[in-house]
Amino acid sequence: MKTLNQEQAKKITDRVLSLSKADECTVQIGGSRVGNVRFARNSVSTAGLTEDMQLVVRVAFGKRSGTAVVNEFDDKSLERAVRRAEELAKLAPENPEFMPAVTKQEYRGTSTFVPKTAAIDPDFRADVAATAIELARKNKLVTAGFFTDSTSFTTIANSNGVFGHQDFTNLSYSLTARTEDGRGSGWVTRSAVDAARFDAREASEIAIEKALRSVEARALEPGRYTVILEPAATSEILGNMFSAFDARSADEGRSFLSKAGGKNRLGDKLFDSQVNVWADPWDKDVPVAPWDEESLLARERTQLIKDGRIASLDYSRYWAQKMGKRATAGHGNMIMAGGTKSLEELIEGTKKGIVVTRTWYIRMVDPQSLLLTGLTRDGTFYVENGKIKYPLKNFRFNESPVTILNNIDELGKPQIIGGDEVPFQMVLPPMKVRDFNFTSLSDAV
């Protein structure tokens, strides 16, 4: 892929905007180069590099809109895309919730690009796989893992003078290690913008240690227990809640933030006072684009939860106009404050409890209370007097993130969590939580 710099991308967006005869026009160009290596049963199975670049043009005549996508960038192809979008717009019905294109925004750049990550090559990827495979063979384990790295850019522009260009890098890694007889399993995940912050050996050793430790799991009666939840165990659970701060859903009585009479719970204390959560596009650990790609509104640092209280709700442009509020950009990350203790130190301070490495197969039970069900996996351990005593068979749980964040005993040092299973790049602490509800046992490892 030929990566476009800001000047090259602006020439293309200017050309597209000049071709449009519609009332308004919005253009987005995106390109990426993604490298990967996948391995299973201690052997590389696939490796590759994919490149792609495309342009999306959206136009509107009044409240009728149309969209076209093209991956060719010569003048004829660009003009065909614009004409096609205009044809579709004229055929479309009027959208009663249509919002005109945003006016010019001020985008402050974020640190989403690191040259060291962009320089990742096949040798680097091979070394990641080799590290895990060699450690597994040494310990008579079987591994399966996936490593990806990406270099990308996105450019946005519209007929109201909006323009933005941003470069990105990122890497992600997940590894499962299992004993040859399948009775023990360990897992780890890592994500980073900067490759210098990724250590394949450190990550692989965690999965391997958990796999070795989880053999001969014992059954423990389901019930309510104190748990030490690793960040990967809460990421998808909390992600469900962080995605539910929409003001419209709350005002219309469809969310956990709804109140009787068409009101919402802004300002209410719903969680333990230790809970503080915010979004920040300029966060050094999980920087994101300075705009929301759907609305093109400029992002800003936003406090969602302050000392356990609901500090803000997300207002789409349409709902903000209807309710007389200020529209807000969608968040690209979530950061939760924590403490200074490591996971090991949280375990040391626990008289009796259960360590949960990971949760999965999470499904919604009740949207209005955010009650979820799911399973533990890849390393669940019983703790007594500050020490891990033995591995446990996995559990099914029924629990709400609202309840979890009300029952916090202690928070540890936050860690970066990312990947396909979570809706945002996140920074989350390990948590010690009381009365976590395990409802049944699972024989899966």
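Along each chain, residue indices are assigned from 1 in the same order as the chain's sequence is written. Whole-chain, interface and lining totals are the exception, using all residues; otherwise, since this is a predicted model, local features are given only for residues with pLDDT of at least 70 and side-chain atom pairs are given and counted only at 80 or more. Hydrogens are left out, water is left out, and the side-chain values use all remaining heavy atoms of the structure.

## Describing a negative patch on the surface
Thinking step 1. On the surface, Asp121, Asp123, Asp127 and Glu134 cluster together into a negatively charged patch.
Thinking step 2. If you trace the backbone, Asp121 turns up in the loop between α3 (115-118) and α4 (122-138).
Thinking step 3. For Asp121, a relative accessible area of 33% gives the class partly exposed. Any residue with relative accessible area above 30% and no salt bridge may belong to a patch, with like charges joined within 9 Å and the nonpolar Val, Leu, Ile, Met, Phe, Trp and Tyr side chains within 5 Å. In these tables, accessible area is a Shrake-Rupley quantity obtained with a 1.4 Å probe, and a residue counts as shielded only by the protein chains included in the view. Each reported salt bridge corresponds to a side-chain nitrogen of Lys or Arg within 4 Å of a carboxyl oxygen of Asp or Glu. Counting rule applied: Lys, Arg positive; Asp, Glu negative; His and chain ends not counted. To locate a charge, take atom NZ for lysine, CZ for arginine, CG for aspartate or CD for glutamate. By definition, any uninterrupted DSSP run of H or I lasting at least four residues is a helix, any uninterrupted run of E lasting at least two residues is a strand, and each is numbered from the N terminus. Burial classification: accessible surface area is computed with a 1.4 Å probe over protein chains only, and a residue below 20% of its type maximum counts as buried, one above 50% as exposed, and the rest as partly exposed.

## Quick word on helix α6 (residues 231-242)
Thinking step 1. Burial within α6 is extensive, with 10 of its 12 residues counted as buried.
Thinking step 2. Taken together, the buried positions of α6 are Pro231, Ala232, Ala233, Thr234, Ser235, Ile237, Leu238, Gly239, Met241 and Phe242.

## With respect to unusual backbone geometry
The phi torsion of most residues other than glycine is negative, and most of the peptide bonds are trans.
Thinking step 1. Even without being a glycine, Glu216 presents a positive backbone phi close to 60 degrees.
Thinking step 2. Relative to the assigned elements, Glu216 resides in the loop between α5 (200-213) and β7 (223-229).
Thinking step 3. Judged by its relative accessible area of 53%, Glu216 is exposed.
Thinking step 4. At Leu370, a residue that is not glycine, the phi angle is positive and equals roughly 60 degrees.
Thinking step 5. For Leu370, a relative accessible area of 3% gives the class buried.

## Focus on the sheet that holds strand β12 (residues 309-310)
Thinking step 1. In this description, strands pair whenever DSSP reports at least two bridges between them. Spatially, six strands are ordered β12-β11-β10-β13-β20-β19 in an open sheet, and the strand pairing comes out mixed. Each edge of the sheet is formed by a strand with only one pairing partner; in this case those strands are β12 and β19 (415-417).
Thinking step 2. Relative to strand β20 (residues 425-428), strand β13 (residues 333-336) runs parallel, the two being bridged by three bridges. Of the residues in β20, the one forming a bridge with Met334 is Met426.
Thinking step 3. Contacts from α6 reach β10 (277-279), β11 (302-306), β13, β19 and β20 within the one sheet, and its direction differs from that of β20 by about 120 degrees. In what follows, residue pairs with any heavy atoms lying within 4.5 Å of each other are defined as contacts. Axis definition: a line fit to C-alpha positions, over the contact stretch in the case of helices; interaxial angles, taken between N-to-C directions, run 0 to 180 degrees.

## Quick word on the nonpolar core
Thinking step 1. Residue types Ala, Val, Leu, Ile, Met, Phe, Trp, Tyr and Cys, when buried and joined through side-chain atoms within 4.5 Å, form a set referred to as a nonpolar core. Core analysis: the biggest nonpolar cluster contains 52 residues, and Met241, Phe242, Phe245, Phe256, Phe271, Met336 and Leu405 have the highest contact counts within it.
Thinking step 2. Element by element, the count of residues in this core is highest for α6, at five residues.
Thinking step 3. Excluding residues within four positions of it along the chain, Met336 makes contact with Leu238, Val275, Asn276, Val277, Leu405, Ile408, Leu411, Pro414, Val427, Leu428, Pro429 and Met431.
Thinking step 4. Listed in part, the 24 residues of the second largest apolar core include Ala129, Leu141, Leu175 and Phe198.

## Some words on the sheet that holds strand β5 (residues 163-179)
Thinking step 1. As summarised here, the arrangement of the six strands in space is β3-β2-β1-β4-β5-β6, forming an open sheet in which the pairing is antiparallel. The sheet terminates laterally at β3 (64-70) and β6 (185-192), the two strands that pair on one side only. Across this sheet, the average inter-strand angle for adjacent strands is 15 degrees, counted without regard to direction.
Thinking step 2. Sheet topology note: the strand β1 (residues 24-40)/strand β2 (residues 43-61) ladder contains 17 bridges and is antiparallel.

## A few points about the pairing of strand β15 (residues 371-384)
Thinking step 1. For β15, the tally of buried residues reaches 12 of 14 residues, placing the bulk of the element in the interior.
Thinking step 2. For strand β14 (residues 352-366) and β15, the ladder comprises 11 bridges, and the chain directions are antiparallel. Counted as the bridge partner of Gly353 is Val383 from β15.
Thinking step 3. Remark: four residues form the turn of the hairpin made by β14 and β15, two consecutive strands paired antiparallel; Leu370 in that turn has positive phi of roughly 60 degrees.
Thinking step 4. Sheet topology note: the β15/strand β17 (residues 394-399) ladder contains four bridges and is antiparallel. Along β17, the bridge assignment pairs Leu372 with Glu399.
Thinking step 5. As judged from the four bridges shared by β15 and strand β16 (residues 387-391), these two strands associate in the antiparallel manner. Residue pairing across strands places Val383 opposite Ile388, the latter belonging to β16.

## Description of the packing of helix α1 (residues 6-19) against helix α2 (residues 75-91)
Thinking step 1. Two numbers describe how α1 lies on α2: the axes approach to 9 Å, and their chain directions differ by 45 degrees. Between α1 and α2, the angle falls in the class oblique. Considering how the two elements wind past one another, α1 and α2 form a crossing that is right-handed. On the side of α1, the interface is formed by Ile12, Arg15, Val16 and Leu19, while α2 contributes Asp75, Leu78, Glu79, Val82, Arg83 and Glu86. Comment on the angle field: the value is read as roughly parallel under 35 degrees, roughly antiparallel over 145, roughly perpendicular from 65 to 115, and oblique elsewhere. Less than a right angle of anticlockwise turn of the near helix away from the far helix marks a crossing as left-handed, whereas a clockwise turn marks it as right-handed.

## Here we look at the pattern of salt bridges
Thinking step 1. Within the structure shown, the criterion is met by 26 salt bridges.
Thinking step 2. In this structure, the salt-bridge partner of Asp268 is Lys259, at a minimum N-O distance of 3.2 Å.
Thinking step 3. Given the relative accessible area of 19%, Asp268 is considered buried.
Thinking step 4. Among the ionic pairs, Asp378 bridges to Arg358, the shortest N-O distance being 2.8 Å.

## Things to note about α1
Thinking step 1. Expected helix span is taken as 1.5 Å per residue step, with the number of steps being one fewer than the number of residues. Look at α1: 20 Å from first C-alpha to last across 14 residues, which is about the 20 Å you get at 1.5 Å a residue.
Thinking step 2. Within the sequence span of α1, burial applies to Ala9, Ile12, Thr13, Val16 and Leu19. Within α1, the buried residues cover an arc of 125 degrees as seen down the axis, which keeps them to one side. Residues of α1 that are exposed and angled more than 90 degrees away from the buried face: Glu7, Lys11 and Ser18.
Thinking step 3. The elements touched by buried residues of α1 are β1, β2, α2, β4 (141-158) and β5.
Thinking step 4. N or O atoms closer than or at 3.5 Å make up a polar contact, with two conditions inside protein: a donor-capable atom paired with an acceptor-capable one, and, for residues adjacent in sequence, both atoms drawn from side chains. Looking at where α1 begins, the residue whose side-chain oxygen comes 3.1 Å from the main-chain nitrogen of Glu7 is Asn5. In this description, the arc belongs to the directions extending from the helix axis to the C-beta atoms.

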